[in-house]
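A structural walkthrough
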Amino acid sequence: MPGSAPINCLGPWPKDVGIIAMELYFPSQYVDQAELEQFDGVPAGKYTVGLGQARMGFCSDCEDINSLCLTVVQRLMERNGLSYDSVGRLEIGTETIIDKSKSVKTVIMQLFEDSGNTDVEGIDTTNACYGGTAALFNAVNWVESSSWDGRYALVVAGDIAVYATGSARPTGGAGAVAMLVGPNAPLAFERGLRGTHMQHAYDFYKPDLVSEYPVVDGKLSIECYLSALDRCYSVYRNKIHAQWQREGSEKRFSLDDFGYLVFHSPYCKLVQKSLARLMLNDFLSNPNPNTETGPFTGLDAFRDVRPEETYFDRDVEKAFMKASADLFEKKTKCSLLISNQNGNMYTPSVYGCLASLIAQQTASQIAGQRVGVFSYGSGFAATLYSLRVTQDHTPGSALDKLVASLSDLQVRLDSRTKVSPAVFSENMKLREETHHLASYIPRGSVMDLFPGTWYLTRVDDKHRREYARRPLDNDLPAEPDLVRSTAATEHIPSPAKKMPRIPAAAAVPEAAINH
């Protein structure tokens, strides 16, 4: 694998630290947003046009945050032929909390048992949708630090986004993204180029520890998101200008300097508005914008607007969405495949957008490009940073392998099962009533899951959770009670009961995983 290094590699600062491999998991069932509009009795187009959403994936009661992360980690390891002893750090970013003390990471460590590798740093990170980015930064920082021992870091962002019945429900979704981090990566972090903004607000939060549902102030949340975007972009530009000045260049940074831009996507229409927002920032910061020709044509009437007064200004929004339409088509639209077809995944959202971008390009198309990444988490925390795609796009290169591994994304989306809004609503009601219960046996059908998916088999009377994996072969029955979320010695499965691991040398071929 690219990025590999000997265990005793403690030399100079590693080069091109970043994302080497990615894996996605999303549920096997979805509800159609147009049908959901009819079911909810709202005007046609409210969800599909107003929010920009087409389909929404959701989990039955036999999936939880632990099972999602088990699935995506094992898939990444198998599809990339990795051994578990090659990982020295495992970070989880999630806001789907099912235990106030025990981390999801400790549950995932059961996948490492056969390797004997327990020397794995990292735990869970939580701050709404920003946790995955914080976990990724921790992993990158570890590889670039004196603590690094030469092994990979593994980052998992996973969540189940569900809302109470009402206007927010169609902005739900579910999924997980796993990212392998190390040196010599095809997607390398640009050092020193992060613009961050942190501030206190109650825009979206989860004070009820018995409920999966958040408390949401929708209008405030949009204002927080856009204000954070403004601030992060300003800080990012200042930092890249400082770098360029040290190199002797007085060039001004603009959106043209990004090859692509991906955003945290609560819903697709907000992403389109966000790109327009960045163009507004470029326009207002330009000392002499050309309003006669080019992208700023006809925008001179907005020269003196104050950004903080324009979050809900329809005239400004409409004008800059029109002005940025070509940029959106070229730099951002292709990143919205997962968001449009599966919905908001919370922490994995922005990384689902990154994977969507990569899946729909060839290696040669994205080689050498700068990709801007904006991550936002309510409460609130946000960062705009950039990745530089390697120039090497030759067959068999790290970039070629990354692109190839994600090329089946549309096929996997198309292989899901559509269910009626009524069935979806019943599933949400069941989760609402049972997700926190002890002595519970999930009612969802295991055979509805994709082959290779981990699932919850039961919660015992002490709230200890047990899991099994649906075999990769459709013809084999599922085996229950193979993995338990507990450290109690009497509940740890004996070696004879464990599902056999697939060694690196015999990794599952990509085509063998029907997902």
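In this text, all values refer to a predicted model and were calculated from it rather than measured experimentally.

A word on the overall build of the chain. Counting its secondary structure elements, the chain contains 14 helices and 17 strands. In the chain, the proportion of contacts linking residues at least 24 apart, taken out of those at least 6 apart, comes to 73%. Accessible surface computed for the chain: about 20800 Å², of which carbon and sulfur atoms make up 51%.

Right, let's get into the sheet that holds strand S3 (residues 55-57). The strand order across the open sheet built from three strands is S3-S2-S14, with neighbouring strands paired in mixed fashion. Whereas interior strands pair on both sides, the edge strands pair on one side only; in this sheet they are S3 and strand S14 (417-419). Adjacent strand axes in the sheet meet at a mean angle of 40°, parallel and antiparallel pairs treated alike. Both strand S2 (residues 29-32) and S3 contribute to a ladder of three bridges, which runs antiparallel. What sits directly across from Asp-32, in S3, is Arg-55. Relative to the sheet, helix H1 (residues 33-40) contacts S2, S3 and S14, its axis offset from that of S2 by approximately 60°.

Take the environment of Ala-301 next. Relative to the helices and strands, Ala-301 is located in the loop between helix H6 (268-285) and helix H7 (314-323). Among the residues examined, Ala-301 registers a relative accessible area of 68% and is labelled exposed. Distance in space between the C-alpha atoms of Ala-301 and Thr-291 is 9.6 Å, their sequence separation being 10 residues.

What follows is about the confidence of the model for the chain. Of the residues in the chain, 90% have a pLDDT of 70 or more, and the chain-wide mean is 90. Overall, residues 483-515 carries pLDDT values under 50, and its contacts beyond four positions in sequence, including any with other chains, amount to 72 contacts.

So, on to the state of the cysteines. Scanning the entire structure with this criterion turns up zero disulfides. Here Cys-59 is not disulfide-linked; the sulfur of Cys-62 is the nearest cysteine sulfur, at 8.4 Å. Its relative accessible area of 1% is what places Cys-59 among the buried residues.

Our next topic: H6. The terminal C-alpha atoms of H6 lie 26 Å apart, and with 18 residues this matches the ideal 26 Å at 1.5 Å per residue to within 8%. Burial within H6 is extensive, with 14 of its 18 residues counted as buried.

Turning to the nonpolar core, a few remarks are in order. Across soluble globular proteins, you tend to see nonpolar side chains buried next to one another. Met-22, Leu-136, Phe-320, Leu-354 and Phe-374 are the most contacted members of the largest nonpolar core, which has 146 residues in total. Per element, the largest residue contribution to this core is 10 residues, and it comes from helix H5 (residues 218-246). Beyond its immediate chain neighbours, meaning those up to four positions away, Phe-374 contacts Tyr-225, Ala-228, Leu-229, Cys-232, Val-262, Phe-263, His-264, Val-350, Ala-382, Thr-383 and Leu-384.

Along the chain, Gln-110 falls in the loop between helix H3 (104-108) and strand S5 (124-125). One polar contact links the side chain of Gln-110 to the main-chain carbonyl oxygen of Val-107, over a distance of 2.9 Å.

Attention now moves to the packing of H6 against H7. Axis separation between H6 and H7 bottoms out at 8 Å; the angle between their running directions is 90°. The orientation of H6 relative to H7 falls into the category roughly perpendicular. Of the residues in H7, those touching H6 at Lys-269, Gln-272, Lys-273, Ala-276, Met-279, Leu-280 and Phe-283 are Val-316, Glu-317, Phe-320, Met-321 and Ala-323. Taken together, the residues that form the contact of H6 with H7 break down as eight nonpolar, one polar and three charged.

The subject of this paragraph is the side chain of Thr-291. Tracing the backbone shows Thr-291 in the loop between H6 and H7. The residues contacting Thr-291, other than those within four sequence positions of it, are Phe-283, Phe-296, Thr-297, Gly-298, Leu-299 and Asp-300.

Turning our eyes to something else, we now look at the packing of aromatic side chains. Tallying each qualifying case throughout the model produces 22 aromatic pairs. Ring plane angle 70° and centroid distance 5.0 Å describe the contact between Phe-58 and Phe-424, whose orientation is recorded as edge-to-face. Note that Phe-58 is positioned in the loop between S3 and helix H2 (65-79) and Phe-424 in helix H14 (residues 421-434), a separation of 366 residues in sequence. Considering the side-chain rings of Phe-302 and Phe-320, the 5.9 Å spacing of their centres and the 65° angle between planes classify their relative orientation as edge-to-face. Pair noted here: Phe-302 is in the loop between H6 and H7 and Phe-320 is in helix H7, with a separation of 18 residues, a long-range link.

A full pass over the atoms with the stated rule returns 28 salt bridges. When the shortest N-O distance is used, the salt bridge between Arg-75 and Glu-23 registers 2.9 Å. Highlighted residues: Arg-75 in helix H2 and Glu-23 in strand S1 (residues 18-25), separated in sequence by 52 residues. Since its relative accessible area comes to 2%, Arg-75 is described here as buried.

Let us look at the packing of helix H10 (residues 349-359) against helix H12 (residues 398-406). The N-to-C vectors of H10 and H12 enclose an angle of 105°; their axes lie 8 Å apart at closest approach. Put simply, H10 runs roughly perpendicular to H12. Across the interface between the two elements, Ala-355, Ile-358 and Ala-359 from H10 touch Leu-402, Val-403 and Leu-406 from H12. Across the contact of H10 with H12, the residue classes break down as six nonpolar, no polar and no charged.

What counts as what
- Residues numbered from 1 in each chain as written.
- Predicted model: local features only at pLDDT ≥ 70, side-chain atom pairs only at ≥ 80, totals over all residues.
- Heavy atoms only, no water.
- Helix = DSSP H or I, 4+ residues; strand = E, 2+ residues; numbered from the N terminus.
- Contact = heavy atoms within 4.5 Å.
- Areas by Shrake-Rupley, 256 points an atom, 1.4 Å probe, with all protein chains shown as cover.
- Pairing = 2+ DSSP bridges.
- Axes fitted to C-alpha atoms, helices over the stretch in contact; angles between N-to-C directions.
- Buried < 20%, exposed > 50% of the residue type's maximum accessible area, 1.4 Å probe, protein only.
- pLDDT = per-residue confidence, 0-100.
- Disulfide = S-S within 2.5 Å.
- Expected span 1.5 Å × (residues − 1).
- Core = buried A, V, L, I, M, F, W, Y, C linked by side-chain atoms within 4.5 Å.
- Polar contact = N/O pair within 3.5 Å; in protein donor to acceptor, adjacent residues only side chain to side chain.
- Parallel < 35°, antiparallel > 145°, perpendicular 65-115°, else oblique.
- Nonpolar A, V, L, I, M, F, W, Y, C, P; charged D, E, K, R; others polar.
- Phe/Tyr/Trp six-rings, centres within 6.5 Å; stacked < 30°, edge-to-face > 60°.
- Salt bridge = Lys/Arg side-chain N within 4 Å of Asp/Glu carboxyl O.

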